[in-house]
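What the coordinates show
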Amino acid sequence: MNNEKAMFGMSEDAIRKEYMNSLTARLSGQEMVVAGILSDCQEMIAMKNPTIPAPNTDERIRQQLNVAKFILFEMMDAKREVLVSSDDKEIA
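For every chain, the first residue of the written sequence is number 1, and numbering continues from 1 onward in sequence order. Whole-chain, interface and lining totals are the exception, using all residues; otherwise, since this is a predicted model, local features are given only for residues with pLDDT of at least 70 and side-chain atom pairs are given and counted only at 80 or more. Think of the side-chain values as coming from all heavy atoms in the structure, minus any hydrogens and water.

Helix and strand labels come from DSSP, where a helix needs a run of H or I of at least four residues and a strand needs a run of E of at least two; each type is numbered from the N terminus. Looking at the element boundaries, S11 is found in the loop between α1 (2–8) and α2 (12–20). Two N or O atoms form a polar contact when they lie within 3.5 Å of each other; inside protein one atom must be a possible hydrogen donor and the other a possible acceptor, and for residues adjacent in sequence the pair counts only when both atoms belong to side chains. Looking at S11, its side chain comes within polar contact range of the main-chain nitrogen of A14, at 3.0 Å.

Rendered as C-alpha cells:
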C-alpha cells in the first residue's frame, strides 16, 4: 500500500472503486474518466500558485497522471483478455 500511496495518492482498490466503478464510468465509459483526470491535471497546472498548498502541487499532479495511466492499463488488459481465443492464443 505504501508504494501505491506514493505512486497514486491512494490504493489501487480505491482507484477501482472511486474512478473505475464511478457513475461517470458506468454512464460514459472509463475513457471519459481518464479524460476528466487529464483535464483536472491541466487545471492544476494552469492554476499552480506556489503560495497555495496542495492539491496544486507537482506531486499531486504526478499522482493523478499515474491514476489515469493505471486506468488505461487496466482497460488495455481487459481488452487483451477479450481478444484471447478459446485456445489461449492472442488474436492481436
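Turning to the environment of G36, a few remarks are in order. Relative to the helices and strands, G36 resides in helix α4 (residues 30–46). C-alpha of G36 to C-alpha of T24: the two residues are 12 residues apart in sequence and 9.6 Å apart in space.

Structurally, the position occupied by L65 is in helix α5 (residues 58–83). Residues L65 and C41, spaced 24 residues apart in sequence, show a C-alpha to C-alpha distance of 7.3 Å. Once you skip the residues sitting within four places of it in the chain, L65 turns out to touch L38 and C41. Note on contacts: a residue pair qualifies if any of its non-hydrogen atoms lie within 4.5 Å across the two residues.

Let us now look at the packing of aromatic side chains. Stacked, tilted and edge-to-face are the three classes applied to pairs of Phe, Tyr and Trp rings, where Trp contributes its six-membered ring and a pair requires centres within 6.5 Å; stacked means planes under 30 degrees apart, edge-to-face means over 60, and tilted covers the rest. If you walk through the whole model with that rule in mind, you get one aromatic pair. Where F8 meets F70, the ring centres are 5.4 Å apart and the plane angle is 65 degrees; that geometry is what we call edge-to-face. With a gap of 62 residues between them, F8 in helix α1 and F70 in helix α5 connect regions that are remote in the sequence. Burial classes: relative accessible area under 20% of the type maximum marks a residue as buried, over 50% as exposed, and values in between as partly exposed (1.4 Å probe, protein chains only). Note on F8: relative accessible area 4%, which makes it buried. When its relative accessible area of 9% is taken as the criterion, F70 is described as buried.

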